[in-house]
Structures are given as structure tokens and as C-alpha cells.
Amino acid sequence: MISDNLSNAIKLLNEGNLIAIPTETVYGLAANAFDPVAVSKIFEVKNRPKFDPLIVHSYSIEKIKEFVISFPEKSLLLAETFWPGPLTLILKKKNIIPDIVTSGLDSVAVRIPNHPLTLKLLSMLDFPLAAPSANPFGYVSPTEPKHVQAQLGDKIPFILNGGKCKVGIESTIVGFEGEKAIIYRLGGLSVEDIKEVIGKVKINLHSSSNPLAPGQLDKHYSPNKTIVLDLEVIKSFEKSDVGAIVFSDLIENIPIENQLVLSKNRDYSEAARNLFSILRETENLAVKIIYAELLPEEGLGRPINDRLRRASVKSKLSHDK
Ligand code: TXA
Ligand code: MG
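Criteria and thresholds
Residues numbered from 1 in each chain as written. Chains lettered and ligands numbered in written order. Predicted model: local features only at pLDDT ≥ 70, side-chain atom pairs only at ≥ 80, totals over all residues. Heavy atoms only, no water. pLDDT = per-residue confidence, 0-100. Contact = heavy atoms within 4.5 Å. Salt bridge = Lys/Arg side-chain N within 4 Å of Asp/Glu carboxyl O. Buried < 20%, exposed > 50% of the residue type's maximum accessible area, 1.4 Å probe, protein only. Phe/Tyr/Trp six-rings, centres within 6.5 Å; stacked < 30°, edge-to-face > 60°. Helix = DSSP H or I, 4+ residues; strand = E, 2+ residues; numbered from the N terminus. Core = buried A, V, L, I, M, F, W, Y, C linked by side-chain atoms within 4.5 Å. Pairing = 2+ DSSP bridges. Right-handed = clockwise from strand over helix to strand, strands pointing away. Domains from an automatic or database assignment. Buried area = accessible area lost by both parts, 1.4 Å probe. Nonpolar A, V, L, I, M, F, W, Y, C, P; charged D, E, K, R; others polar.

### Brief notes about the confidence of the model for the protein chain
For residues with low pLDDT, the predicted coordinates do not support detailed interpretation. Across the protein chain, the average pLDDT comes to 92, with 92% of residues at or above 70. Segment residues 207-211: pLDDT under 50, and three contacts once partners within four positions in sequence are set aside and those in other chains are kept. Here residues 315-321 is a poorly scored stretch, pLDDT under 50, and it has eight contacts once near neighbours within four places are set aside; other chains count.

### Observations regarding the pattern of salt bridges
The final tally for this structure, using the stated rule, is 16 salt bridges. With its nearest N and O atoms 3.2 Å apart, the salt bridge here joins D52 to R48. Residue D52 is classed as buried on the basis of its relative accessible area, which comes to 4%. Residue classification places R48 among the buried residues on the basis of a relative accessible area of 12%. A salt bridge links K235 to E232; the nearest nitrogen and oxygen atoms lie 2.8 Å apart. Taken individually, K235 and E232 each receive the classification exposed, so the pair is uniform in this respect.

### Some remarks on the packing of aromatic side chains
Within this structure, the stated rule accounts for three aromatic pairs. With centroids separated by 6.3 Å and ring planes inclined at 80°, the aromatic side chains of F71 and W83 adopt a geometry described as edge-to-face. Note that F71 is positioned in the loop between α3 (61-64) and α4 (73-82) and W83 in the loop between α4 and β5 (87-92), a separation of 12 residues in sequence. As far as burial versus exposure is concerned, F71 and W83 are alike and both buried. A centroid spacing of 5.6 Å and a plane angle of 20° characterise the contact between F247 and Y268, whose relative ring orientation is stacked. With F247 in the loop between β13 (242-246) and β14 (259-261) and Y268 in helix α10 (residues 268-281), this residue pair connects regions lying 21 residues apart in the sequence. Like F247, the residue Y268 is buried in the burial classification.

### Some details on the nonpolar core
One finds F71, L78, W83, L89, V110, I156 and V174 to be the most contacted residues of the largest nonpolar core, which totals 50 residues. Excluding residues within four positions of it along the chain, V174 makes contact with L78, L87, T88, L89, I90, A181, I182, I183 and I194. I227, I245, I278 and I304 belong to the second-largest nonpolar core, a separate cluster that totals 26 residues.

### A few points about the pairing of strand β10 (residues 180-185)
The buried fraction of β10 amounts to five of the six residues, a majority that puts the element mostly inside the structure. Linking strand β9 (residues 172-177) to β10, which pair antiparallel, is a turn of two residues; within it G178 sits at a positive phi near 60°. Pairing analysis gives two bridges linking β10 to strand β11 (residues 202-203), with the strands arranged parallel. Residue pairing for β11: I182 is matched across the bridge by K202. As for the winding sense of the linkage, the β-α-β connection from β10 through helix α8 (residues 191-198) to β11 is right-handed.

### As for helix α6 (residues 116-123)
Given 3.6 residues to a turn, an α-helix orients residues that are three or four positions apart in the same direction. All of the buried residues along α6 are L117, T118, L119, L121 and L122. In this structure, the buried side of α6 is in contact with α1 (6-14), β2 (19-21), β4 (55-57), β7 (129-130) and β8 (159-160).

### Comments concerning the domain arrangement of the protein chain
Domain assignment breaks the protein chain into domain 1 (2-203) and domain 2 (226-320). On a C-alpha basis, the centroid separation for the pair domain 1 and domain 2 is 28 Å. In this assembly, domain 1 packs against domain 2 so that about 1500 Å² is buried in total across both faces, 55% of it on carbon and sulfur atoms. Three residues, V140, I169 and L186, lead the burial of domain 1 against domain 2; their summed loss comes to 34% of the area buried on that side. Put simply, R307 and E170 hold a salt bridge, and the shortest N to O gap is 3.0 Å. Looking at the side of domain 1 that touches domain 2, the elements with two or more residues in it are α7 (145-152) and α8. Of the residues in the side of domain 1 that touches domain 2, the class split is nine nonpolar, eight polar and five charged.

Here it is as C-alpha cells:
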């Protein structure tokens, strides 16, 4: 069921069920973060490996202090500046957070999402919500209720309808090594915005073989269509077999009906908001291959390019020697 009825949502969560919730970034698949049995259902429904830890969502810094050990100075500065918003902080956890949420790590990912309905929901619950993006593992994240319905609708009882996501790409993940801030995933809060508040940050998107942030697995955000980033590759195809994702300007020699535009006005925020719907739309184009144009590497151009690169990995494997 897709509805904006909060009491329904609360009842289902209190009984240990999963529901989909809106946030400003993408829709989440939520369960009581203090209940390991409820949380285990998230991994089943998403087909998500247990080594990939979840983000815990709450509505206030005070509440978050009930389940993290401390907020290092820079993390508090970021939290106070950007929450509610598209920022996730990695902090040392208290025991009340079950191991299944953090894949056994002693840290927990936390975030206050900026969506009025979900903030209201969180404030009416006695527990925070563990929630990954509400898509099958490895697929494009959902930014509208109908995206969740199409892929997980038969596996969950309820989708809380909060309309289209206003940011459209996942949160930026920031962790700390001592005083050093490290960005583990590029997302809806730009590197530039973070630097303005805390100064230097390191970007570490490929942390280890046991990925700290598997949002960073190379192949991710994959629609069922071959996507390439190299214009040369499409030259060997018939014109009518080629589609494109472009920032604003159409590409000559590719049929206009096969081109998807991220933002006519070259607006990064609009491009981010449209990105995942457009990746999904590629599946409806009657073409064999899609060329995706990268944006300038600045602001939200960076996380958008990151998603396009990962969406294209499958095709790289089949087209590279
Ligand atoms: O915008 C978002 O962040 C959305 C909405 C629903 O809040 N959520 C989301 O969750 O994108 P998910 O599960 O798709 O991505 C969470 C990322 C994963 O890459 C995971 O590895 C990382 O957060 N993560 C979670 N806990 C962590 C931890 N303790 N240390 C390092 N990375 C962690
Ligand atoms: Mg995800």
C-alpha cells in the first residue's frame, strides 16, 4: 500500500515490520534499529550481504547521543550545520545498537533526514530507524514511491508516500580518524560545502577489500542497460541503436527521442534530482547501448559522475578487452 497515513506506519514498525520511508535523498527501507529481528528482514528483502552496514535515522542530535558514544568536535560542527540534511556521520556506537546494524563494526552510520513526514514519524517512535536505500542490492536507488512499488512492492506491507525526493542522490558519508575527516561516499552534500565548515577533508572512496562503505562497490546503481562513458564506443553501433544521458545539450547523430536530459539549465541540483529516474528510464529506450556524458567535476557534478561511472561498470567489462 502507498499512503501518507502515519499511524499505519507507526503500527507496522512497532510490530517489527519493514516499511519504505521518504527522505530528501532517496527512499529508505526502514526497521526498528534496536530490534535485530526486524533489521534482519531488511537484508532478506534487499538481498543485501550482511557485511554491508546500515544507516540509522533519528530526528535530533540529543536522541542520537543516546546511542553513540561521542561526537568529535568536527562531527558536531557538521551535524549542527547540515542536519537535517544529506549528510551521514560515522560515529562510535553504544551497545544498544545491535551488531547486525553495523555488520559487527564498533561504529554506526547516523543521519537526520530532511523530510517533514519522516521527521514527524521519527519523533513519534520510541526507537530510531535503520534504513538502507529501498532497492534490491546493486540496483538504482528509488526516488519516488512507484520505484519502490515496482521492485519491493510485493515484499513489504507499506510505502509511506512523501512524494518525489528533493535531493535525489544518497547522503554524503563522513567518518573520522582522530581529528581527520574522511569522505567515504560522495553524495547530496558537496565536498565544497563540507570544506567550508571544517577545512581540509580527505576523500577515500575505495577504502579496503572489506569495503567500509560498500556504496562504493565498483558495480552499483546498475540499470539493466549497457551504459558507456566513451563516445568512441558508440560509433560502432547503428545510429538507431544508441541512446544518451546528457547534462543539458543534445548530442548530434543520436536520435533525439533516445536522449535523456538531466537539466536543461545546467543546474546541478536538478540534475541530481533527475539522475536515478533517468537511469531507470534507459530501460524503456529501444536501444542497445547508452552513452552517458560526465558533468564538470565540481559541486554535485562529482557525486553524479560517481554514480554514472558505477552504473557503467557492467558495460566496461563487456566492451573493454
Ligand atoms: O541517503 C542515504 O544515505 C539513504 C537514505 C535512505 O538515508 N541511505 C542509503 O543507505 O544510501 P545505503 O545502505 O544504501 O548506504 C549506506 C552506506 C553503505 O555504503 C554502508 O557501507 C555505509 O553507509 N555504512 C554504514 N555504516 C557504516 C559504518 N559503520 N562505517 C562505514 N560505512 C558505513
Ligand atoms: Mg544503497
